[in-house]
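Read off the chains here:
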Amino acid sequence: MFWVLLLLLAWAVAGLACTRLCLAAVHAAAVDVNAGREHDLTLYEAAFLSGGPRRVADLTLVSMARQRRLLLARTGWATVVDPRGRDDIERSVIGAIGPDGQSPIAPVRDAAADAEAVGTLAERLVRAGLAVPDGARTGIAAEVQRVRLAAVAVLALGGIALLMPGGAELPRHLVALWFGLPLALTLSCLAIARVEVHPYSRWASPAGQRLLGALSRHTGGGDDRTYLTTVAVRGVRAVGEPDLRAAFEQRASLWRD
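Conventions we followed
Residues numbered from 1 in each chain as written. Predicted model: local features only at pLDDT ≥ 70, side-chain atom pairs only at ≥ 80, totals over all residues. Heavy atoms only, no water. Patch = residues over 30% accessible without salt bridge, like charges linked within 9 Å, V, L, I, M, F, W, Y side chains within 5 Å. Areas by Shrake-Rupley, 256 points an atom, 1.4 Å probe, with all protein chains shown as cover. Salt bridge = Lys/Arg side-chain N within 4 Å of Asp/Glu carboxyl O. Helix = DSSP H or I, 4+ residues; strand = E, 2+ residues; numbered from the N terminus. Buried < 20%, exposed > 50% of the residue type's maximum accessible area, 1.4 Å probe, protein only. Contact = heavy atoms within 4.5 Å. Core = buried A, V, L, I, M, F, W, Y, C linked by side-chain atoms within 4.5 Å. Phe/Tyr/Trp six-rings, centres within 6.5 Å; stacked < 30°, edge-to-face > 60°. Lys NZ or Arg CZ within 6 Å of the ring centre and 35° of its normal. Pairing = 2+ DSSP bridges. Axes fitted to C-alpha atoms, helices over the stretch in contact; angles between N-to-C directions.

A. Region of the structure containing a nonpolar patch on the surface. On the surface, Trp11, Leu170, Trp178, Leu181 and Leu185 cluster together into a nonpolar patch covering about 420 Å² of accessible area. Top contributing element to the nonpolar patch by residue count: helix α8 (residues 172–197), with 3 residues. Structurally, Leu181 can be placed in helix α8. The exposure class of Leu181 is partly exposed, given its relative accessible area of 40%.

And the structure:
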């Protein structure tokens, strides 16, 4: 009857792992209740939810360049034309360029993405339930990994039970069937988690994604606001001006080198 002890251990491992995953998923989903209702996304917020801090920096660079307050050369350099930033994020970009008024775009983008102004924006979106908190997504991923390990442990315990010398009172196929129950629990929990947890992106919660979806449906116009909205949602690949696109492509090339 030693196999019964192994079966109880398998149930304990599977039950604990699945329970922890369910609790983590419920906790992550709780922030989505009533989140984002009657909230109009700003361009910075849309950029963060779509691509994180670096997308915010890219949007700011494109916006300032289109207003001729910043020159982005095809060579991958940024030059300050108007040193007066209109908000904290623009001022962080100007500060990242430095006192000389010129700098390669790549370090400017990275410094602006790490600026306090973008961090404050992220905190505001998390409090509103529109952005994924730093620990929420990693917490769910860790619990999913525990359930996977639990499934492997159940298989191992079942294998030990079947291979034990002396045999069991039950036929081996019935012993395997008993161990198949906790294994089915872990596998079904993983399947449900894949469906329920997968809608979370890296930055936007489900509520944030709903607002982004509504915003994306209004990116087909030709005015400046619509253009910048498209850049916020899709990134610099939505930039239409050849010179401006070349500046960002040169930035990527310089950064790889």
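After that view, the rundown keeps rolling.
B. Summary view of helix α2 (residues 43–51). For α2, a buried count of 7 out of 9 residues is recorded, marking the element as mostly surrounded by other parts of the structure. Turning to α2, its buried residues number three or more, namely Leu43, Tyr44, Glu45, Ala46, Ala47, Phe48 and Leu49. On its buried face, α2 is in contact with α3 (53–66), α4 (88–97), α6 (116–127), α9 (206–216) and α10 (224–234). Two residues or fewer after α2 comes Gly52, characterised by a positive phi angle close to 80°.

C. Quick look at the nonpolar core. Among the nonpolar cores identified, the biggest contains 44 residues, and Phe48, Leu49 and Leu72 are the most heavily contacted of them. Discounting residues that sit within four places of it in the chain, Leu72 has contacts with Leu61, Ala65, Trp77, Ala78, Ile105, Leu244, Ala247 and Phe248. Trp3, Leu6, Val154 and Phe179 belong to the second largest nonpolar core, which has 12 residues in total.

D. Structural view of the packing of aromatic side chains. Counted by the stated rule, this structure contains 1 aromatic pair. The side chain of Arg66 reaches across the aromatic face of Tyr227, ending 3.8 Å from its centre.

E. Focus on unusual backbone geometry. Even without a glycine there, the phi angle at Arg68 is positive, about 60°. Within the fold, Arg68 resides in the loop between α3 and β1 (70–72). The exposure class assigned to Arg68 is exposed, which follows from its relative accessible area of 63%.

F. Expanded view of the sheet that holds β1. Strand order in the open sheet formed by 3 strands is β1-β2-β3, with antiparallel pairing between adjacent strands. Lying at the two open borders of the sheet, with one neighbouring strand each, are β1 and β3 (102–104). Sheet twist, expressed as the average angle between the axes of neighbouring strands with direction ignored, equals 20°. Where β1 lies against strand β2 (residues 77–80), 3 bridges are found, and the strand directions are antiparallel. Bridge pairing in β2 links Leu71 to Thr79. Packing against the sheet, α4 makes contact with β1, β2 and β3, and its axis sits at approximately 110° to β2. In the packing of helix α5 (residues 105–113) onto the sheet, contacts are made with β1, β2 and β3, and the angle to β3 comes to roughly 90°.

G. Region of the structure containing α10. Within α10, 8 of the 11 residues are buried, leaving the element largely enclosed by the surrounding structure. Looking only at α10, the buried set comprises Thr226, Tyr227, Leu228, Thr229, Thr230, Val231, Ala232 and Val233. Looking at the buried positions of α10, the neighbouring elements they touch are α2, α3 and α9.

H. Fine view of the pattern of salt bridges. Inspection of every chain in the model, using the stated rule, returns 11 salt bridges. Between Arg66 and Glu241 there is a salt bridge; the shortest N-O distance is 2.5 Å. One end of the pair, Arg66, is in helix α3; the other, Glu241, is in the loop between α10 and α11 (242–256), and 175 residues separate them in sequence. A salt bridge links Asp88 to Arg91, with the shortest nitrogen-to-oxygen separation between them at 2.7 Å. Linking Asp88 with Arg91, this pair stays in helix α4, spanning 3 residues, or about one helical turn. Here the salt bridges do not stand alone but share partners, grouping Arg20, Glu143 and Arg146 into one network.

Note that every value here comes from positions in space, so none of it alone points to a role or purpose.
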